[in-house]
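Geometric and topological summary
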Amino acid sequence: MKNVEFNKEYLEIIGSLPDSLEEYQFYLGLKERKIYFNYDVDTTIVNKIVYWIQEWNREDEELNIPIDKRKTIQIYITSDGGDVVAGFSAIDAIKSSKTKVETIGVGSCVSMGALLLISGHYRKAYPNTIILIHDGSMSVQSTSKKAKNTMNFYDRLDNRIKDFIVENTNISEELYNEKGDEEWYMFANDEGLSLGIVHEII
């Protein structure tokens, strides 16, 4: 088996061998403005996506690079979903980025993973990438009044999700409401393309 030769600069940064090859591959991707997000969505997204988008925008601003000349940020997404609130922090960072952000669906983009895919300024996917859109799930343990407050908040959050999808795809509000109680699976090269979830099939 061939030995893996690690980049000297990387070893100087971390001070030792990486814990996994995936960790090293993530580092190599960053050097090309590529983020490989193969995770459930949780608060670590702030470091893996939000931080780097902000950092690359800052870098481009300091160098006075015109927006149309900046190197595109690419986010490769394979995710089974997760925390909606954390996910929206990444969506806000992507949508507000002056430097173009391209999202690429790989494998599966489920639930919050689908919303991350939709957030890209330009979106691509492999033909057999699976996309799943569905309503959120929750459990509440509290007093009656607090439980009602929590449910009211999640109703508002569900409406934000609907508005986001309708505004950024070809999915109408009527179609979204029709599918609202379903596990809405689709292939990228079928409904994913025709509904404007992705712009291009790789």
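One can find the structure itself at the top, above this paragraph.
Here's a quick rundown of the structure. This structure is a prediction, so every number in the text was calculated from the model and none was measured.

A few words now on the overall build of the chain. Within the chain one finds eight helices and seven strands. Sequence separation of at least 24 residues holds for 63% of the intrachain contacts in the chain that already meet a minimum separation of 6. Surface accessibility of the chain: about 11,800 Å² in total, with carbon and sulfur atoms responsible for 49%.

Now for the pairing of strand 5 (residues 130–133). One ladder, built from three bridges, connects strand 3 (residues 101–110) with strand 5; its direction is parallel. Following the sheet pairing, C109 is matched in strand 5 by I131.

With that out of the way, let us pick up the pairing of strand 3. Counting buried positions along strand 3 yields eight of 10 residues, so the element is predominantly enclosed. Bridging between strand 2 (residues 73–79) and strand 3 involves six bridges; their strand directions are parallel. Among the inter-strand pairings, I75 is bridged to a residue of strand 3, identified as T103. As a crossover connection, the stretch from strand 2 through helix 4 (residues 84–96) into strand 3 is right-handed. As paired strands, strand 3 and strand 4 (residues 122–125) are joined by four bridges and run parallel to one another. Directly across from I104, in strand 4, lies its bridge partner K124. As for the winding sense of the linkage, the β-α-β connection from strand 3 through helix 5 (residues 112–118) to strand 4 is right-handed.

A cluster of acidic residues, D40, D42, D80 and D83, forms a negative patch on the protein surface. Along the chain, the position of D42 falls in the loop between strand 1 (34–37) and helix 3 (45–62). A residue is classified by how much of its surface remains accessible, and D42, at 33% relative accessible area, is partly exposed.

Here we take up unusual backbone geometry. Phi is positive for N64, which is not a glycine, with a value near 55°. Despite not being glycine, S111 has its phi angle at roughly 55°, a positive value. Summarising the element assignment, S111 is placed in the loop between strand 3 and helix 5.

Residues Y24, F26, Y27, G29 and L30 constitute the buried set of helix 2 (residues 21–31). Just beyond helix 2, the residue with positive phi is R33, at close to 60°.

Evaluation of the coordinates by the stated rule reveals five aromatic pairs. Note on Y36 and Y76: the rings are 4.8 Å apart at their centroids and 20° apart in plane angle, and the pair reads as stacked. Here the residue Y36 occupies a position in strand 1, and Y76 occupies one in strand 2, the gap between them amounting to 40 residues. Residue class for Y36 comes out partly exposed when judged on its relative accessible area of 31%. Ring-pair connections join several aromatic residues into one group, and the members of that group are Y51, W52 and W56. Positioned above the aromatic ring of F26, the side-chain terminus of K48 is 4.7 Å from the ring centre.

Moving on to the nonpolar core. I75, I133, I165 and I197 are the most contacted members of the largest nonpolar core, which totals 42 residues. Contacts of I75, omitting those with residues within four sequence positions, involve I35, F37, I49, I53, I94, V101, E102, T103 and I104.

Rules behind the numbers
Residues numbered from 1 in each chain as written. Predicted model: local features only at pLDDT ≥ 70, side-chain atom pairs only at ≥ 80, totals over all residues. Heavy atoms only, no water. Helix = DSSP H or I, 4+ residues; strand = E, 2+ residues; numbered from the N terminus. Contact = heavy atoms within 4.5 Å. Areas by Shrake-Rupley, 256 points an atom, 1.4 Å probe, with all protein chains shown as cover. Pairing = 2+ DSSP bridges. Buried < 20%, exposed > 50% of the residue type's maximum accessible area, 1.4 Å probe, protein only. Right-handed = clockwise from strand over helix to strand, strands pointing away. Patch = residues over 30% accessible without salt bridge, like charges linked within 9 Å, V, L, I, M, F, W, Y side chains within 5 Å. Salt bridge = Lys/Arg side-chain N within 4 Å of Asp/Glu carboxyl O. Lys, Arg positive; Asp, Glu negative; His and termini not counted. Charge placed at Lys NZ, Arg CZ, Asp CG, Glu CD. Phe/Tyr/Trp six-rings, centres within 6.5 Å; stacked < 30°, edge-to-face > 60°. Lys NZ or Arg CZ within 6 Å of the ring centre and 35° of its normal. Core = buried A, V, L, I, M, F, W, Y, C linked by side-chain atoms within 4.5 Å.

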